[in-house]
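As a plain string of letters, each chain reads:
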Amino acid sequence: MIRRFIERVVDFAPGEFGPAVLSALYFFCLLFGYFMLRPLRDALGLEHGVDSLQVLFLITLGVMVIANLAFGFVASRLERRVFVPLVYGFAVLCIGVFLAIFLVRGDDRSALVGQVFYVWLSVFNLFAVTVFWGFMADIFRREQGKRLFGFIGVGGTAGAICGSAWSLALADTLGATGLFGCAMLCVAMAGAIAIALDRMAERRSMIGHADEGEPPPRIGGASWEGIRDVARSPYLMGIAVYVGLFTVLSTFLYFEKARIVEALTTETDSRVQVYAGIELGGQMLTIVLQLFITGRLMRLLGVGTLLAVVPAVTVIGFVGLAAVPSLLVIAVFEASRRASNHALSKPARETLFTVVPRADKYKAKSFIDTFVYRGGDAVGTLADRGIASLGVTVAWVAVPLAAGALLLSFWLGRREELTPDAIARMPPDPATTKPLADAPQPMATTTP
């Protein structure tokens, strides 16, 4: 009965139901584990006060640079079926180390442990998610991604809701050690599902990168190849600018929300309720959009239009916030923007990577989703301080930036549509012989 309901709202082609459901379950386990630990991370990060968070933000950005090089080095030397589970296996090991420290030291542990955990989880979150979506872009073809990525995203949204609820309900009972143990189990399950999904993809020839029964080639290339390709490719650079603008505008909105909530009430419990209400509203709207609308809109309107939804909502929201700076406006703005991002623009953004070479699906994507993303946080924080010192509303800066992102969205959508035609005119790549007839070929990153 559940399968019939899902097939009624999602346009599955024959043979896609199993891989799509398994992918959604993979994403569910991954975000269940992360959102279970995120409240613990935030609490440990506040042990030295709010000012210390700004320092941790900058440290996280620096660690991202080193982590990207290490990530690229490992990815270059391993096959996908080894590399993806290795990422989650390493995460389970790290969580186990933190669990052991908390078991042995308890409240007597050094405050440095909490700060290290804050930085580690902030880095792991972005890498874990970018590996997931890179894996999805690798095993699903372009046309499949447009139909299925919204449904797969439902698994992540459900995992985020369940993880937050689990932490809220059982944090006092389980304590930090219990949360670490549960998160280890969730991440380990995500890794196990990734192994099963990779084997299923090879059996069903979902990728078209090798002959039947032949393992996919190594990702290959140099460790810094992702950074180089982003700098060389207008297409990848456009995605990077889009992500950077999104993050800067998100930071502006974050501080605007904090100012309104701070002025509204001084009670911590009341503030928690406000934040929780906005979070819940956004997540529930996200699930409805992902399940019933995303796939259909992507096929009807195209990737560029869905990419443009978040910038359009951002323009309207900041204009409304400048006119009526109230809790109601900020709540509707935040919930609408979050839902439109997770349900519409983010699946469209992940679809952009289905037409790039395998190496860029992991290396360039990782650089964009981690360093560029955290760099946008830092730029947004510094810019917000500068705007505040000038005594003007943030809308004067946010609206032009969002309008630029709106135009960029349609350009990226157009490039994504042209990519398969451009590739068809290129000579075949010896490393990817005998592709499936309906599978898009990798886009050369130097294509103008």
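Residues numbered from 1 in each chain as written. Predicted model: local features only at pLDDT ≥ 70, side-chain atom pairs only at ≥ 80, totals over all residues. Heavy atoms only, no water.

Colleague: Any chance you could explain the overall build of the protein here in plain terms?
Modeller: Helices and strands together make up the secondary structure of the protein, namely 15 helices and zero strands. Long-range pairs, those at least 24 residues apart, make up 86% of the contacts in the protein with a sequence separation of at least 6. When the accessible surface of the protein is split by element, carbon and sulfur atoms take 68% of a total near 19600 Å². (Helix = DSSP H or I, 4+ residues; strand = E, 2+ residues; numbered from the N terminus. Contact = heavy atoms within 4.5 Å. Areas by Shrake-Rupley, 256 points an atom, 1.4 Å probe, with all protein chains shown as cover.)

Colleague: Would you mind going over the packing of aromatic side chains with me for this structure?
Modeller: For any pair of aromatic rings, the description rests on two quantities: the centre-to-centre distance and the angle between the ring planes. Within this structure, the stated rule accounts for 23 aromatic pairs. Centre to centre, the rings of phenylalanine 28 and phenylalanine 32 are 5.5 Å apart; their planes meet at 80 degrees, and the pair counts as edge-to-face. Here the residue phenylalanine 28 and the residue phenylalanine 32 both occupy positions in helix H2 (residues 17-45), the gap between them amounting to four residues, near one helical turn. The class of phenylalanine 28 is partly exposed, set by a relative accessible area of 22%. Owing to a relative accessible area of 14%, phenylalanine 32 belongs among the buried residues under this scheme. Among the aromatic residues, ring-to-ring pairing joins Tyr26, Phe27, Tyr88, Phe132, Trp133, Phe135, Phe140 and Phe149 into one connected group. The residue whose ring lies beneath lysine 365 is phenylalanine 353, and the NZ or CZ to ring-centre distance is 5.2 Å. (Phe/Tyr/Trp six-rings, centres within 6.5 Å; stacked < 30°, edge-to-face > 60°. Buried < 20%, exposed > 50% of the residue type's maximum accessible area, 1.4 Å probe, protein only. Lys NZ or Arg CZ within 6 Å of the ring centre and 35° of its normal.)

Colleague: Please explain the environment of leucine 168 as it appears in this structure.
Modeller: Considering the arrangement of structural elements, one finds leucine 168 in helix H6 (residues 142-203). As a C-alpha pair, leucine 168 and methionine 36 span 132 residues in sequence and 8.6 Å in three-dimensional space.

Colleague: What is the right way to read the nonpolar core from this model?
Modeller: One recurring pattern in soluble globular proteins is that nonpolar side chains are buried together. Ranked by size, the top nonpolar core spans 71 residues in total, and within it Tyr26 and Met136 carry the most contacts. Within the residue set of this core, elements represented by two or more residues are H2, helix H3 (50-77), helix H4 (80-105), helix H5 (111-139) and H6. Ranked by the residues each element gives to this core, the list is headed by H5, at 18 residues. Here methionine 136 is in contact with Ser23, Tyr26, Phe149, Ile152 and Leu197, once residues within four sequence places are set aside. (Core = buried A, V, L, I, M, F, W, Y, C linked by side-chain atoms within 4.5 Å.)

Colleague: So what exactly am I meant to see when it comes to the pattern of salt bridges here?
Modeller: A side chain of one charge can pair with a side chain of the opposite charge if their charged atoms are brought near each other. Applying the stated rule across the entire model yields 13 salt bridges. The closest approach of N and O atoms between lysine 365 and glutamate 350, which form a salt bridge, is 2.9 Å. Here lysine 365, found in helix H14 (residues 358-390), pairs with glutamate 350, found in helix H13 (residues 327-351); they are 15 residues apart in sequence, far enough to count as distant. For the pair lysine 365 and glutamate 350, a shared accessibility class is recorded, and that class is buried. Between aspartate 369 and lysine 365 there is a salt bridge, with the nearest N and O atoms lying 2.5 Å from each other. Within this pair, aspartate 369 and its partner lysine 365 are both found in helix H14, separated by four residues, close to a single helical turn. (Salt bridge = Lys/Arg side-chain N within 4 Å of Asp/Glu carboxyl O.)

Colleague: How should the packing of helix H8 (residues 234-264) against helix H12 (residues 309-323) be read in this particular structure?
Modeller: Packed helices, taken two at a time, are described by the angle between their axes plus the distance between the axes. Relative to each other, H8 and H12 sit at 30 degrees, their axes nearing to 12 Å. As summarised for this structure, H8 and H12 are arranged roughly parallel, according to the angle between their axes. Here H8 and H12 pass one another in a crossing that is left-handed. Two secondary-structure elements touch here, H8 through Tyr242, Phe246, Leu249, Phe252, Leu253, Glu256 and Ile260 and H12 through Val310, Pro311, Thr314, Phe318 and Leu321. (Axes fitted to C-alpha atoms, helices over the stretch in contact; angles between N-to-C directions. Parallel < 35°, antiparallel > 145°, perpendicular 65-115°, else oblique. Left-handed = near helix turned anticlockwise from the far one by under 90°.)

Colleague: Would you mind showing me how to read H14 here?
Modeller: It helps to recall that an α-helix has 3.6 residues per turn; residues three or four apart then point in one direction. If you check H14, its first and last C-alpha atoms are 46 Å apart, about what 33 residues at 1.5 Å a residue would give, namely 48 Å. By the largest-angle criterion, lysine 365 marks the main kink of H14, which is about 30 degrees. Looking one or two places after H14, you find glycine 391, whose phi comes out positive at around 75 degrees. (Expected span 1.5 Å × (residues − 1). Bend = angle between axes of the 7 residues up to and from the residue.)

Colleague: Got a minute to help me understand helix H7 (residues 225-232) in this structure?
Modeller: Turning to H7, its buried residues number three or more, namely Glu225, Gly226, Asp229 and Val230. Viewed along the axis of H7, the buried residues span an arc of 135 degrees, placing them on a single side of the element. Opposite the packed face of H7, turned more than 90 degrees from it, sit the exposed residues Ala231 and Arg232. Buried residues in H7 make contact with H8 and H14. (Arc of directions from axis to C-beta.)

Colleague: What am I meant to see in the environment of valine 123 here?
Modeller: Mapped onto the secondary structure, valine 123 falls in helix H5. Given a relative accessible area of 9%, valine 123 falls into the buried group. Along the backbone, valine 123 and valine 63 are 60 residues apart, and their C-alpha atoms lie at a distance of 7.7 Å. Once residues within four sequence positions are removed from consideration, valine 123 is found in contact with Thr60, Val63, Met64 and Ala67.

Colleague: Any chance you could explain the confidence of the model for the protein here in plain terms?
Modeller: Detailed reading of the predicted coordinates is not advisable wherever pLDDT is low. Scored by pLDDT, the protein has a mean of 79; 82% of the residues are at 70 or more. Taking the mean pLDDT of every element in the protein, the minimum, 67, falls on helix H9 (residues 268-292) and the maximum, 93, on H12. Residue range residues 421-448 is modelled with pLDDT below 50. Its contacts to residues more than four positions away, or to other chains, number 44 contacts. (pLDDT = per-residue confidence, 0-100.)

Colleague: Please explain the side chain of asparagine 125 as it appears in this structure.
Modeller: Among the secondary structure elements, asparagine 125 is positioned in helix H5. With a relative accessible area of 13%, asparagine 125 lands in the buried category. What asparagine 125 contacts, discounting residues up to four positions off in sequence, is Tyr34 and Arg374.

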